[in-house]
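Remarks on the overall topology
Below are the chains, spelled out letter by letter.
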Amino acid sequence: MAKKRGIPGLFSLLTYKKPKEEESFYIPETEEEKRQARKIRGVEHKVRGIIKPTPVSMIKKVKTKEQSKGKNKETAREDQSGEKYQVVNKDDGNILAEEISRDIDENMELVKKAFNAEKNKDIIIREFTVGGRLRAFISYIDGMADRITINDFIIKPLMIKKEFQEEDCSLDRILREVLETNQATKISETGEMIYEILVGNTCLFVEGCDYCVSSETKGYERRAVSTPQTEGVVRGSQEAFTENMRTNVTLVRRIVKNKDLSTEFLKIGARNQNQCAVMYIDGLINPAIVEEIKRRIKGLKTDFIAGSGMLEQFIEENTWSIVPTILSTERPDRTASHLIEGKAAIIADGTPFALIVPVSIATMLHTPEDTTLRWQYGTLLRIIRIFALFIATFIPGLYVALTNFHREMIPTDLLIAIAKARENVPFPTIIEVLLMEVSFELIREAGIRIPGIIGNTIGIIGALILGQAAVQANLVSPVLIIIVAITGLGNFAVPDFSVAFAARISRLAFIILGAFLGFYGISLGIVVGAVMLACTKSFGVPMLTYFAPKVSNSNDLVIRRPIWMQEFRPENVNPLDVTRQSKVSRKWVEEAPAPAEDSDEEEQEGKRESKTEGEETGGKEIKGREKKGSGKSGEGIEDEEDEEDDDDQE
Amino acid sequence: MTTIRNREGAFGTYEAICITSTLMITKIFYTSISVIIDIEGTSGWIGTIVSCLTTLVMFSLIYMLMKRFPNKDITQIFEAVLGRFSGKVLSLVFSAYLLFYAASSLREFVEMIKAYNLPYSPPSLLVFAFIAVCAIVAYYGLEGIARISGIFFIPVIVALFVILLLASPNYNINYMKPYLGYGLKETVVTGLLRCSAYDEVVILAFMINSMHGLKTFKRAGYSSIIITGITFSSNLLCNVLAFTYTGGRENLSGLFELSRAIYFNRFVQRLESIFLFAWVISSLVSVAIAFYLSINIYTKAFRIPGHRPLIFPFSFLLFMVALIPKNMSEVVQLNIHFIRQYSCFFIYLVPVMILFIAVIFRKRGDIVHGKKN
């Protein structure tokens, strides 16, 4: 803008002028693009190289329009550089549409194009001649495949083989006679071929064949099986899952050596092409559960699922529930025990956890140790855990409610003790509690984030110093330190990580309710929590089954009965076979005890003697004597009858 | 006649017993005890047994009506017997009564909690919080209500009897005398009238389609009446034993006073906390049941497919009706007096009248499996 001079210039000083906008953050390219894009309204994203997702319905609409008008609409959408815009994702669509041809050069071009070989140096294409006659190439991703397998068992046999004869397609013969890999499959679809290469397999293309052979060569770095990090036990297995799905499946299969244990693989995540395994015991699990799991996983349309954590969020029923509806475990033995109960396990590649469905809230409070320990100890542990959950959820809220609203309910001595401790504290109880809760959460979070030994120490040091200093500074009362500490301990005693989180969130809600409405508020919270939990389902199974709705107990809910009394599987998952073991699982209690070593010889002699007699009497006497000794005369008679029948048959 | 698809969920005998018993037993926490002791004196516990027996007879008549019209709930029976218009009107009257019942119970509860525990909290906040929770429970429908009733019924009953047990050192057996209170006639007549205190059992007739048939209806009805009868009778007896009939009639909440009277040593004393949780939770559940059923009957009358859109307007109505009485004495002397003493004329007599009309005009339900029911 030109400067005004003279009188108008003076006037301009007096009159209001709109201040110039400051160019704080300016990207000239974007502006340029925007300007260009304005000329071609509606396709701005194309100018910036962004492929805008187009709904299927829209593509159809465009297609039908094109068909009806008989001209290509896209030709009208040309920018200044003359580039043609396409509605569909041209790269993916075109490549997947292309087929593996008989021409080796075309196939090589297809692989190069599919993996963007010019820029992407991970893809390896090795060209060679089979038996000195046929042109061929292998393709794999560097780092994902095992080089030794490729060198020794694919390339070497193929190049050594000399007596090759002309056939329609020699790959059949190669597959049959030459390749020395344990798994090799024919692939004719481009999409499948791409996926095989992506997962670490090697695809072999030979001239004259319109398909390729994928050989099992997966060989990437993986972590070894180690001890559980979050679900440690004193007695019991010390193995945990790893990030590798195959290893995890094997770990489970090693425990459940059952021919009916089935593993189905499903793809998850459109862009990262991850895999997950759905494991279940066929003939035991309710088929509706498996169908539902597969339906949900197959119905996922998302680009990236890194592992079980993300998968869990995608397939859970109620995303608003603070209580998890899927059990996550890092232990193969726990997974196996759930499979045996008629549940399903979902193992995703990339995370060392298996997801168990369907579950109830009682399952979340169980640990593998309950089963490995004797029933009295297991029951005690469970009761402690339930108490821990109660403390972790309610104690701070109850403390706030008691001190604010219901002081008359506190026994006088205790009331005096609390009042004395709070005498010099300037804050109201709610502020005091929130202050300590926040500090505790900070210490906890910092302890997890700080690596190694320092992380552990900061927890203890932080808690000690902060607590002590806060009491000395009269910021909080010592009673509250005890309350927060015991709450923290309670929270750590909850075996499931997600349930512990739910307890933390609920605790905050109960503190607020207790602060505003006392016990009345806490009761309101309990009812709301109960109704929400009662109506939450895990793959169709109510989370509070056994309590509401009532179903028969499996003797392994809260009080663990002796292991021989657990005759039935949990009924809430409706397994096809409810019986876990026969009514008398310990047959030995009904049998005669084994004879002692001293009497063994006598017994042997007795047997020898009676054998001669038995030959005459048909062995009745011996059986009768044995049964008399065991005191089961009734069964002895049955056996005698059986014996008689046998003799008759003879 | 087109039938509305049952989307309310299903529940079994246990849940049905819990729902009905919770609704009936909750009044033991309120002014019921003092009112009965006031009317009947020391024989209140016998009077309530008379009420219980009367209710069993009345329930049998309702059962006969339901048996006559299988696969139909009582609103559908009203329409089948009286015609569409009259049936709907009767259903709406029941809906209004349940709303009135919920509102009166809510107000009684709020007045009492203000008197005993939260004297400084504004009543509107207490009412609002209560209604909000009832609305949430009603949102989850009958299945949710059945489940929370199933969860809380046992703890509430246990808490109740724990209070009675712990207060036992205060009992004096001589306070039972005179055994027949103000006389046999007074006891029996009041007992017959006070069968209204058990008339909540009729809600089973509204929920019959969610239960597994008439057998569950019958079992749940009789069981819940007997459970409630035992609970009422034992509570009345314990109150008389602890406070005498002169003291018992003065207490606003007999059970609360009983829990206050607990004293074992300096540490174990005044266990109102047990009482408070049981009281609040059972009140919440019972008001939520009545509130939900009010909406449910309304939706059935007008054939509205879902109950959820009506929760907010009905919550507003509940709030309004709850605030109509001016004070505690008005709530007790008008609303509660009507509900617990005279509502039987409406609750029991209407189904019985319907049964007579059905018998006289030979009206029956549909034929099921080729057999007349």
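Residue numbering note: each chain is counted from 1, following its sequence as written. Ligands are numbered from 1 and chains lettered from A, in the order in which they are written. pLDDT decides what is reported in this predicted model: residues at 70 or higher carry local features, side-chain atom pairs at 80 or more are listed and counted, and totals for whole chains, interfaces and linings draw on all residues regardless.

**Here's the deal with the overall build of chain B**
Filter applied, for reference: Strands are runs of DSSP state E lasting at least two residues, helices are runs of H or I lasting at least four, and both sets are numbered from the N terminus onward. Two things to know: the radius of gyration comes from C-alpha atoms, and the globule rule equals 2.2 Å times the number of residues to the power 0.38. Residues with at least 20 other C-beta atoms within 10 Å of their own are called buried, those with 12 or fewer are called exposed, and the rest are partly exposed. The C-beta atoms themselves are positioned from the backbone. The contact rule is simple: place each C-beta atom from the backbone, and if two of them lie within 7 Å, those residues are in contact.
Helix and strand counts for chain B stand at 16 helices and zero strands. The globule rule puts the C-alpha radius of gyration for 373 residues at 21 Å, and the 21 Å found for chain B is close to it. Overall, the C-alpha framework of chain B stretches about 70 × 45 × 35 Å when taken along its three principal axes. Buried positions account for 54% of the 373 residues belonging to chain B. If you take every contact in chain B between residues at least 6 apart in sequence, the share linking residues at least 24 apart comes to 83%.

**Re the UniProt feature "transmembrane region" (unreviewed entry) in chain A**
All names here are of chain A. Put simply, the test is: UniProt positions are given in the numbering used here, feature names are shortened, and annotations may be inferred rather than shown by experiment.
Per the UniProt annotation, the sites labelled "transmembrane region" (unreviewed entry) are residues 383-402, 453-473, 479-501 and 508-534. Summarising residues 383-402: 100% helix, 0% strand, and an end-to-end C-alpha distance of 25 Å. Across residues 508-534 one finds 100% helix and 0% strand; the C-alpha atoms that close the span lie 21 Å apart.

**Observations concerning the sheet that holds strand β9 (residues 344-348) of chain A**
Residue and element names in this part refer to chain A. Which entries qualify depends on this criterion: One bridge is not enough; two strands pair if DSSP finds at least two bridges between them. With axes taken as lines fitted to C-alpha atoms, and helix axes fitted only over the stretch in contact, angles between N-to-C directions fall between 0 and 180 degrees.
One open sheet holds the five strands; their spatial order is β6-β7-β9-β10-β8, and the pairing between them is antiparallel. The sheet terminates laterally at β6 (261-268) and β8 (327-329), the two strands that pair on one side only. On average, each strand axis in the sheet is inclined to that of its neighbour by 25°, with strand direction left out of account. Packed on one face of the sheet, helix α11 (residues 287-298) meets β6, β7 (274-281), β9 and β10 (354-357) and runs near 175° to β7.

**Structural notes on the interface of chain B and chain A**
The following threshold applies: Note on residue categories: nonpolar means Ala, Val, Leu, Ile, Met, Phe, Trp, Tyr, Cys or Pro, charged means Asp, Glu, Lys or Arg, and polar means any other residue, Gly included.
Listed per partner, the contact involves 30 residues of chain B and 25 residues of chain A. Those elements giving two or more residues to the side of chain B that touches chain A turn out to be α1 (13-25), α6 (123-139), α7 (141-166) and α12 (272-301) of chain B. With seven residues, the single largest contributor to the side of chain B that touches chain A is α12 of chain B. Of the residues in the side of chain B that touches chain A, the class split is 17 nonpolar, seven polar and six charged.

**What to know about the sheet that holds strand β3 (residues 184-187) of chain A**
All names here are of chain A. Within the open sheet, the five strands sit side by side as β1-β2-β4-β5-β3. Their pairing is antiparallel. Only two strands of the sheet have a single neighbouring strand rather than two, namely β1 (123-130) and β3. Put simply, the sheet's adjacent strands are angled 25° from each other on average, direction ignored. Here three bridges tie strand β4 (residues 202-206) to strand β5 (residues 212-215), and the two strands are oriented antiparallel to one another. What sits directly across from C203, in β5, is S214. Here helix α6 (residues 104-114) sits on the sheet in contact with β1, β2 (134-141) and β4, set at roughly 10° to β2. Along the sheet, helix α7 (residues 147-160) makes contact with β1, β2, β4 and β5, crossing β2 at roughly 170°.

**Notes on the pairing of β2 of chain A**
Side-chain direction in a regular strand flips from residue to residue, so the side chains alternate between the two faces of the sheet. All names here are of chain A. Burial within β2 is extensive, with six of its eight residues counted as buried. One ladder, built from eight bridges, connects β1 with β2; its direction is antiparallel. The partner of F128 across the bridge, within β2, is A136. Between β1 and β2, which pair antiparallel and follow one another directly, the connecting turn spans three residues, one of which, G131, has a positive phi of 60°. Sheet topology places β2 next to β4; four bridges connect them, and they run antiparallel. Paired with I138 across the bridge in β4 is L204.

**Description of the packing of α1 of chain B against α12 of chain B**
All names here are of chain B. Heads up, the rule is: Working definition: roughly parallel below 35 degrees, roughly antiparallel above 145 degrees, roughly perpendicular at 65 to 115 degrees, and oblique for all remaining angles. The hand of a helix crossing depends on one turn: near helix anticlockwise from the far one by less than a right angle means left-handed, and clockwise means right-handed.
Orientation of α1 relative to α12, taken along the N-to-C sense of each, is 110°, at an axis distance of 9 Å. Relative to α12, the element α1 lies roughly perpendicular. Crossing angle aside, the handedness with which α1 passes α12 is left-handed. Counting all contacts with α1, which are made through I19, T22, L23 and I25, the residues of α12 involved are S282, V285, S286, I289 and A290.

**Topic: the environment of G529 of chain A**
Residue and element names in this part refer to chain A. Counting through the fold element by element, G529 comes out in helix α21 (residues 497-534). Under the C-beta neighbour-count criterion, G529 is labelled partly exposed, with 18 such atoms within 10 Å. For the pair G529 and V323, spaced 206 residues apart in sequence, the C-alpha separation works out to 9.9 Å.

**Details of the nonpolar core**
Note the cut-off: Core membership is restricted to buried Ala, Val, Leu, Ile, Met, Phe, Trp, Tyr and Cys residues, and these are joined into a nonpolar core through C-beta atoms within 7 Å. Delimitation of the domains relies on an automatic or database domain assignment.
I346 of chain A together with L284, A288 and F291 of chain B are the most contacted members of the largest nonpolar core, which totals 213 residues. Taken domain by domain, this core gets at least three of its residues from each of domain 3 (245-359) and domain 4 (392-433 + 468-542) of chain A. For A288 of chain B, the contacting residues outside a window of four places in its chain are C134, V137, A138 and I145 of chain B. L171, V178, I194 and V206 of chain A belong to the second largest nonpolar core, which has 30 residues in total.

**With respect to unusual backbone geometry**
Between V357 of chain A and P358 of chain A the backbone carries a cis peptide bond, its omega angle lying at -15°. Locating P358 of chain A in the fold gives a position in the loop between β10 and α14 (361-364). Note that the residue after A548 of chain A, namely P549 of chain A, is joined by a cis bond; omega there is 0°. Looking at the element boundaries, P549 of chain A is found in the loop between β12 (541-542) and α22 (597-617). One non-glycine residue, T244 of chain B, lies in the positive phi region at around 65°. Mapped onto the elements, T244 of chain B comes out in helix α10 (residues 213-248). Judged by local crowding, T244 of chain B falls into the partly exposed class, with 18 C-beta atoms found within 10 Å. Even without being a glycine, R303 of chain B presents a positive backbone phi close to 55°. Its place among the elements puts R303 of chain B in the loop between α12 and α13 (311-322). What makes R303 of chain B exposed here is the crowd of 9 C-beta atoms within 10 Å.

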